[in-house]
Amino acid sequence: VDKQWAVKSKDVTGAFLKADPYKSGELSRPLYLDLGEFAIVAGCSRFRHLRKSLYGLNDAPVRWQDKFSKTLVSLGYEKSRYDPSCWILYRKECRKKRKLPSMEEVLDATEGHYEVYQDEDVLGYVLTHVDDIIYSGDELVMRRLERKLEQEYSCVDVDVLREDTPIDFCGKRLEMQLEETGEFR
């Protein structure tokens, strides 16, 4: 918000079904779905072999995050070293050249000099929680991200943070606050 970027949120519809299919031998045992009475009505076999992740399976959230991570990496985002649900897009010339401190060094910042990125080196952020996404960034970066999300996933626009409209994300209310300078943060 300091950069006057919009803050938007989306929900991915049927996220777990969008995960990559299981490869042969990847499961410890074959999984079957019992269609019950619906199979009789549809005139097909009652049991179906499960090839994709499904809500309720233990590995479904992990498989979805793996798939979504690949999408963000393809757009140039890097996973934060400090929060695995936070993704950051840096300017091309700033990627991979930074020497960031480890978490221990951050907590004990008494020694060492680091080339930490400057605020102007960041082009955008994406925060995720299962199938909920909140993102902000340069206008062109946001359009590119939105285009990619629409190509690969079915998303529902949830909200846009405005000065008079807070948004909820992961049970937390996010809102803009007017500073004494007249700027929002």
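This one's a predicted model, so the numbers in the text were calculated from it and none came from an experiment. (Residues numbered from 1 in each chain as written. Predicted model: local features only at pLDDT ≥ 70, side-chain atom pairs only at ≥ 80, totals over all residues. Heavy atoms only, no water.)

K.L.:
For this particular structure, what's the right way to read the overall build of the chain?
P.N.:
When helices and strands are tallied, the chain shows four helices and ten strands. In sequence order, the secondary structure elements of the chain are arranged as β-β-α-β-α-β-β-α-β-β-α-β-β-β. Looking at the chain as a whole, 32% of its 185 residues qualify as buried. The long-range fraction of contacts in the chain, counting pairs at least 24 apart against all pairs at least 6 apart in sequence, stands at 60%. Surface summary for the chain: the accessible area is close to 12600 Å², and the carbon and sulfur share equals 51%. (Helix = DSSP H or I, 4+ residues; strand = E, 2+ residues; numbered from the N terminus. Buried < 20%, exposed > 50% of the residue type's maximum accessible area, 1.4 Å probe, protein only. Contact = heavy atoms within 4.5 Å. Areas by Shrake-Rupley, 256 points an atom, 1.4 Å probe, with all protein chains shown as cover.)

K.L.:
How should helix α4 (residues 139-152) be read in this particular structure?
P.N.:
Given 3.6 residues to a turn, an α-helix orients residues that are three or four positions apart in the same direction. In a regular helix each residue adds 1.5 Å, so 14 residues correspond to 20 Å; α4 covers 20 Å between its end C-alpha atoms and thus fits that length. Here α4 has its buried residues at V141, M142, L145, E146 and L149. Seen end-on, α4 carries its buried residues on one side only, within an arc spanning 130°. Those residues of α4 that are exposed and aimed more than 90 degrees away from the buried face are E139, L140, R147 and Q151. Looking at the buried positions of α4, the neighbouring elements they touch are β1 (7-12), α2 (60-74), β5 (86-90), β6 (122-129), β7 (132-137) and β8 (155-161). (Expected span 1.5 Å × (residues − 1). Arc of directions from axis to C-beta.)

K.L.:
What is the right way to look at the side chain of S136 in this model?
P.N.:
Relative to the elements of secondary structure, S136 occurs in strand β7. For S136, a relative accessible area of 11% puts it in the buried group. A polar side-chain atom of S136 sits 2.8 Å from the main-chain carbonyl oxygen of A6. Apart from the residues within four sequence positions on either side, S136 is in contact with W5, A6, V7, G124, Y125 and M142. (Polar contact = N/O pair within 3.5 Å; in protein donor to acceptor, adjacent residues only side chain to side chain.)

K.L.:
Help me understand the pattern of salt bridges, please; the structure alone is not making it clear to me.
P.N.:
If the charged atoms of two oppositely charged side chains come close together, the side chains can form a pair. Applying the stated criterion to the full structure yields six salt bridges. Between R143 and E139 there is a salt bridge, with the nearest N and O atoms lying 3.1 Å from each other. A residue pair is termed a helical-turn pair when its members lie 3 or 4 positions apart in one helix, as R143 and E139 do in helix α4 at four residues. Here E139 falls in the exposed class, since its relative accessible area comes to 56%. Of the charged contacts in the structure, one is a salt bridge between D168 and R173, with a shortest N-O distance of 3.0 Å. Connected via shared salt-bridge partners are K10, E150 and D157. (Salt bridge = Lys/Arg side-chain N within 4 Å of Asp/Glu carboxyl O.)

K.L.:
In this structure, what is going on with unusual backbone geometry? I would like to understand it.
P.N.:
The general pattern is negative phi for most residues beyond glycine and trans for most peptide bonds. Positive phi, close to 50°, is recorded for V130, a residue that is not glycine. Inspection of the secondary structure assignment puts V130 in the loop between β6 and β7.

K.L.:
I tried to follow α2 on my own but got confused; where do I start?
P.N.:
Taking 1.5 Å per residue, 15 residues should reach 21 Å; α2 reaches 22 Å between its end C-alpha atoms and fits that length. Here α2 has its buried residues at A60, R63, W64, K67, F68, S69, T71 and L72. For α2, the elements touching its buried residues are β1, β4 (78-79), β5, β6, β7 and α4. Looking one or two residues past α2, G76 carries a phi angle of roughly 100°, positive in sign.

K.L.:
What is the right way to look at the nonpolar core in this model?
P.N.:
Buried together is how nonpolar side chains tend to be arranged in soluble globular proteins. Within the largest apolar cluster, 21 residues are counted, with the highest numbers of intra-cluster contacts made by F68, Y77, V126 and L145. Listing elements by their share of this core, those giving two or more residues are α2, β5, β6, β7 and α4. Counting six residues, the second-largest nonpolar core is a separate cluster that includes V7, I134, I167 and M176. (Core = buried A, V, L, I, M, F, W, Y, C linked by side-chain atoms within 4.5 Å.)

That's the geometry; what it means functionally is another story.
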